[in-house]
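# Coordinates in review
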Amino acid sequence: MQTPLPFWNICRRVYLVWAILLGMGFAATQFHQEANINWLWLVISLVGLGYMVRQTRLPEFRTAGLAHLYFVGLVWTLVIAQGMILSVLPFVGRTPLAALGQYLGVFWLWQMGLGHWLNGLVDPPRLPYWITGGIQILAGVACLLWGLEWQFAVAGGIGALAMLLYDPVALTRSLI
C-alpha cells in the first residue's frame, strides 16, 4: 500500500508559484504595454525557474522518484527562452516584426499551450497537460476573434488557471 503524498507536494508548490507569477506578470503587462516590460518578465521567469530548480534539490524530490521532472524543467526553460526571444524581437529596430508586438498576449497563450503539450510528453499522463494546453490555445484563438484589448489579462487569468487546474485534471490519472 502506497503512502499518500502530502497535499503541498513539490508539483503543487511549483504550480502555485507559477500561477501567482503569471497572474502578476500579465496583469502588469496589460496595463504597461511597453518594450521594457520584458525586463519584468525576465525577472519573473528567473524566479519561477529558480524555484523549480530549488524544488528539485530537495531530498523529498529525490526519494519520490521524480527524476523525470528534470525534463519538465528543461522543456519549460526552452519554451520560456524561445518566448522571451520572440517577445523582444518586435521591439528591436524597425523591422517587419514590429507589427507582431500587438499580438504578444495571444502569442504567449499559444506558447504556454505548447509548453503544456510538451510537458505532457515528458511527464505522463499526457491528458491533464493536453487539456490545460488546449484551453490556452483556444483562449488565444478567442482573443483573435473577439478582440485584443484584454489579451494580456486573459493570458494571465487563463495561464494561472491552467496551472491551478493541473491538480483537478490530474484526478483523471486513475482513468488513464
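Above this text sits the structure in question.
We now turn to the structure provided with this report.

Definitions and limits used
Residues numbered from 1 in each chain as written. Predicted model: local features only at pLDDT ≥ 70, side-chain atom pairs only at ≥ 80, totals over all residues. Heavy atoms only, no water. Helix = DSSP H or I, 4+ residues; strand = E, 2+ residues; numbered from the N terminus. Buried < 20%, exposed > 50% of the residue type's maximum accessible area, 1.4 Å probe, protein only. Contact = heavy atoms within 4.5 Å. Areas by Shrake-Rupley, 256 points an atom, 1.4 Å probe, with all protein chains shown as cover. Axes fitted to C-alpha atoms, helices over the stretch in contact; angles between N-to-C directions. Parallel < 35°, antiparallel > 145°, perpendicular 65-115°, else oblique. Left-handed = near helix turned anticlockwise from the far one by under 90°. Nonpolar A, V, L, I, M, F, W, Y, C, P; charged D, E, K, R; others polar. Polar contact = N/O pair within 3.5 Å; in protein donor to acceptor, adjacent residues only side chain to side chain. Expected span 1.5 Å × (residues − 1). Arc of directions from axis to C-beta. Core = buried A, V, L, I, M, F, W, Y, C linked by side-chain atoms within 4.5 Å.

### Observations regarding the overall build of the protein chain
Across its full length, the protein chain holds seven helices and zero strands. Order of helices (α) and strands (β) in the protein chain, N terminus to C terminus: α-α-α-α-α-α-α. In the protein chain, which comprises 176 residues, the share counted as buried stands at 40%. Sequence separation of 24 or more characterises 74% of the internal contacts of the protein chain that already satisfy a separation of 6 or more. Of the accessible surface of the protein chain, which amounts to about 10000 Å², a share of 74% is contributed by carbon and sulfur atoms.

### Considering the packing of helix 5 (residues 104-122) against helix 6 (residues 127-146)
Running from N to C, helix 5 and helix 6 point in directions that differ by 165°, and their axes come no closer than 8 Å. In terms of orientation, helix 5 lies roughly antiparallel with respect to helix 6. Where helix 5 crosses over helix 6, the handedness of that crossing is left-handed. In contact with Val106, Leu109, Trp110, Met112, Gly113, His116, Trp117, Asn119, Gly120 and Leu121 of helix 5, helix 6 contributes Tyr129, Trp130, Thr132, Gly133, Gln136, Ile137, Ala139, Gly140, Val141, Cys143 and Leu144. Taken together, the residues of the contact of helix 5 with helix 6 break down into 13 nonpolar, eight polar and no charged.

### Notes on the side chain of Thr29
Summarising the element assignment, Thr29 is placed in helix 1 (residues 10-31). Residue Thr29 is classed as buried on the basis of its relative accessible area of 5%. In this structure the side chain of Thr29 is engaged in a polar contact, spanning 2.8 Å, whose partner is the backbone oxygen of Gly25. Apart from residues lying up to four places away in sequence, Thr29 is in contact with Ile37, Trp41 and Phe152.

### Side note on helix 2 (residues 37-56)
Note that an α-helix has 3.6 residues per turn; residues three or four places apart therefore point the same way. When the terminal C-alpha atoms of helix 2 are compared, their 29 Å separation across 20 residues agrees well with the 28 Å that a helix rising 1.5 Å per residue should span. Every buried residue belonging to helix 2 is among Ile37, Asn38, Trp41, Ile44, Ser45, Gly48, Leu49, Met52, Gln55 and Thr56, and all of these are buried. The arc that holds every buried residue of helix 2, seen down its axis, measures 120°, which confines them to one face. Facing away from the buried side of helix 2 by over 90 degrees, the exposed positions are Trp39 and Leu46.

### Concerning the nonpolar core
Counting 35 residues, the largest nonpolar core has Trp18, Leu22, Phe26, Trp41, Leu109, Met112 and Met163 as the members making the most contacts within it. Mapped onto this core, the elements with two or more residues apiece are helix 1, helix 2, helix 4 (69-88), helix 5, helix 6 and helix 7 (151-170). Among the elements that take part in this core, helix 1 stands out by supplying eight residues, more than any other. Setting aside its immediate chain neighbours within four residues, Trp41 contacts Leu22, Gly25, Phe26, Thr29 and Met84.

### Some points on the packing of helix 4 against helix 5
A pair of packed helices is characterised by two quantities: the angle between their axes and the separation of those axes. Put simply, helix 4 and helix 5 touch, their axes get as near as 9 Å, and they point 160° apart. Viewed along their axes, helix 4 and helix 5 adopt a mutual orientation that is roughly antiparallel. The chirality of how helix 4 crosses helix 5 is right-handed. Where helix 4 approaches helix 5, its residues Phe71, Val72, Val75, Trp76, Val79, Ile80, Gln82, Gly83, Met84, Leu86 and Ser87 are matched on the opposing element by Leu104, Phe107, Trp108, Gln111, Met112, Gly115, His116, Leu118, Asn119 and Val122. Counted by class, the contact of helix 4 with helix 5 contains 14 nonpolar, seven polar and no charged residues.

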